[in-house]
Amino acid sequence: MAGHGKRLRPQSSITPKPLLTVRGQCMVERIIEKFTTTLPRTISDSIFILGPGFDRKAYDILDAVCARHQIQPHYVIQEEAHGTAHAVMCGQDHLDGEGVVVYADTVFDMDPIDRLDDSDVVAWVKEVDDPSRFGVAVRDHDRITAFVEKPPELISNEALIGIYYIRDLAQLKSAIAFLFEQSICGPSGEYYLTDAFDHMLKQGLIFKTALVNVWLDCGTLDALRNTTRYLLDQELHSETRPDHSSCILREPVFIAEDAIVTNSVIGPYVSVESGAEITNSIIEHSTVFESAVVQNSILHDSMIGAHSHIIGRSQQLNVGDYSKLS
């Protein structure tokens, strides 16, 4: 999670992309929670590969997430971005035993995995209509035989989504070291995880695939909006809401337990995150992030950044954290 999230600005200008909340939960916690419920063994440690710009608040959030799931966190800084394999190698001191490597800017759903002992690597994939936009896994029966980046011809419709189980992380570390030694990188000088896996394939390791049921991108503003809409439809609001008798709620709506909403019309498709305050407003198809304040406004298709203050506006807005508009 060391990327800058440029396609999600201004929302990611201050809050790192993987820590943005999607219907009440940040992406990282959704990922950790999913693996704690689907893997056959418990997770003991989590290694976060971070960019150099993460502030203390980000560490506090990650500490709290790991504490809730009884996981020991470790933090590693990727000072300069040289590709996905380079990012993983930044955590080389922790690359031993079995583990999962995952890119932290997606939301996904998968069935529980009963066994992990019949393969060296499991790559989660999603069947897509246009595989030419993705890296794909090519299979012979149940075994992967090749990884191909953005194939011009239809050789597989199983797109790699950036989630991998590795039985022995030391083998992955060795494969990445081989890339470095042989200068196997892309035109821009970046080292790719798929090249490391390809090297492991050629050594005879057993690679298999597992399907995800849902794969939702959160890497752009439109994608984040669509993912939030999907989750509002799928995840019913089971929490106990405070009294909103002065409001009209047009479902689906998520309102965090500690959010304050009065004299307002909320929804459909609105997510009001923790600590937000909304008064005398009409809001639809929008997300109001943590501790933002909206007063006397009519908003649609908007994203209101954390700790922002919006007063007396009637429009579509997309403002980053700590903004003020009145």
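The structure we're discussing is the one just above.
Residues numbered from 1 in each chain as written. Predicted model: local features only at pLDDT ≥ 70, side-chain atom pairs only at ≥ 80, totals over all residues. Heavy atoms only, no water.

> Just to check I follow, could you spell out the environment of Phe254 for this structure?
Take Phe254: it is sitting in strand S13 (residues 253–255). By relative accessible area, which is 6% here, Phe254 ends up buried. (Helix = DSSP H or I, 4+ residues; strand = E, 2+ residues; numbered from the N terminus. Buried < 20%, exposed > 50% of the residue type's maximum accessible area, 1.4 Å probe, protein only.)

> Explain the environment of Glu80 here, please?
With respect to the helices and strands, the residue Glu80 is situated in the loop between strand S4 (72–77) and helix H3 (84–89). You can call Glu80 exposed: its relative accessible area is 53%. Between the alpha carbons of Glu80 and Gly51 there is a distance of 8.0 Å; along the sequence they are 29 residues apart. For Glu80, the side chain forms a polar contact with the side chain of His82, separated by 3.1 Å. (Polar contact = N/O pair within 3.5 Å; in protein donor to acceptor, adjacent residues only side chain to side chain.)

> Can you help me understand helix H1 (residues 27–38) in this one?
Note that an α-helix has 3.6 residues per turn; residues three or four places apart therefore point the same way. A rise of 1.5 Å per residue sets the reference length of H1, with its 12 residues, at 16 Å; its end C-alpha atoms lie 17 Å apart and thus fit the reference within 8%. Counting buried positions over the 12 residues of H1 gives 9, a clear majority of the element. Those residues of H1 not exposed but buried are Met27, Val28, Glu29, Arg30, Ile31, Ile32, Lys34, Phe35 and Thr38. (Expected span 1.5 Å × (residues − 1).)

> In this structure, what is going on with the packing of helix H4 (residues 169–182) against helix H5 (residues 193–202)? I would like to understand it.
When two helices pack together, their arrangement is captured by the angle between the axes and the distance separating the axes. For the pair H4 and H5, the least separation of the axes is 9 Å and the interaxial angle reads 110°. Considered as vectors, H4 and H5 are oriented roughly perpendicular to each other. Touching Gln171, Leu172, Ala175, Ile176, Phe178 and Leu179 of H4 are Leu193, Asp195, Ala196, Phe197, His199 and Met200, all from H5. Of the residues in the contact of H4 with H5, the class split is 9 nonpolar, 2 polar and 1 charged. (Axes fitted to C-alpha atoms, helices over the stretch in contact; angles between N-to-C directions. Parallel < 35°, antiparallel > 145°, perpendicular 65-115°, else oblique. Contact = heavy atoms within 4.5 Å. Nonpolar A, V, L, I, M, F, W, Y, C, P; charged D, E, K, R; others polar.)

> What is the right way to look at unusual backbone geometry in this model?
Glycine aside, the phi torsion of most residues is negative, and most peptide linkages are trans. Here the amide bond leading from Glu251 into Pro252 is cis, since omega sits at 0°, within 30 degrees of zero. Locating Pro252 in the fold gives a position in the loop between strand S12 (248–249) and S13. A cis amide bond links Gly267 with the next residue in sequence, Pro268, at an omega value of 5°. Inspection of the secondary structure assignment puts Pro268 in the loop between strand S15 (265–266) and strand S16 (270–272). Positive phi, normally seen in glycine, also occurs at Ser291, with a value near 60°. Structurally, Ser291 can be placed in the loop between strand S19 (286–288) and strand S20 (293–295). Accessibility expressed as a relative area gives 24% for Ser291, which makes it partly exposed. Even without being glycine, Tyr322 reaches a positive phi, approximately 60°. Positionally, Tyr322 belongs in the loop between strand S25 (318–319) and strand S26 (324–325).

> Explanation requested: the packing of aromatic side chains in the structure shown.
To describe a pair of aromatic rings, one takes the distance between the centres and the angle between the planes. Following the criterion strictly, the structure yields 9 aromatic pairs and no others. Between Phe35 and Phe108 the ring centres are 5.8 Å apart and the planes differ by 55°, which places this aromatic pair in the tilted class. One end of the pair, Phe35, is in helix H1; the other, Phe108, is in strand S6 (residues 106–110), with 73 residues separating them in the sequence. Taken individually, Phe35 and Phe108 each receive the classification buried, so the pair is uniform in this respect. Note on Phe48 and Tyr75: the rings are 5.6 Å apart at their centroids and 20° apart in plane angle, and the pair reads as stacked. (Phe/Tyr/Trp six-rings, centres within 6.5 Å; stacked < 30°, edge-to-face > 60°.)

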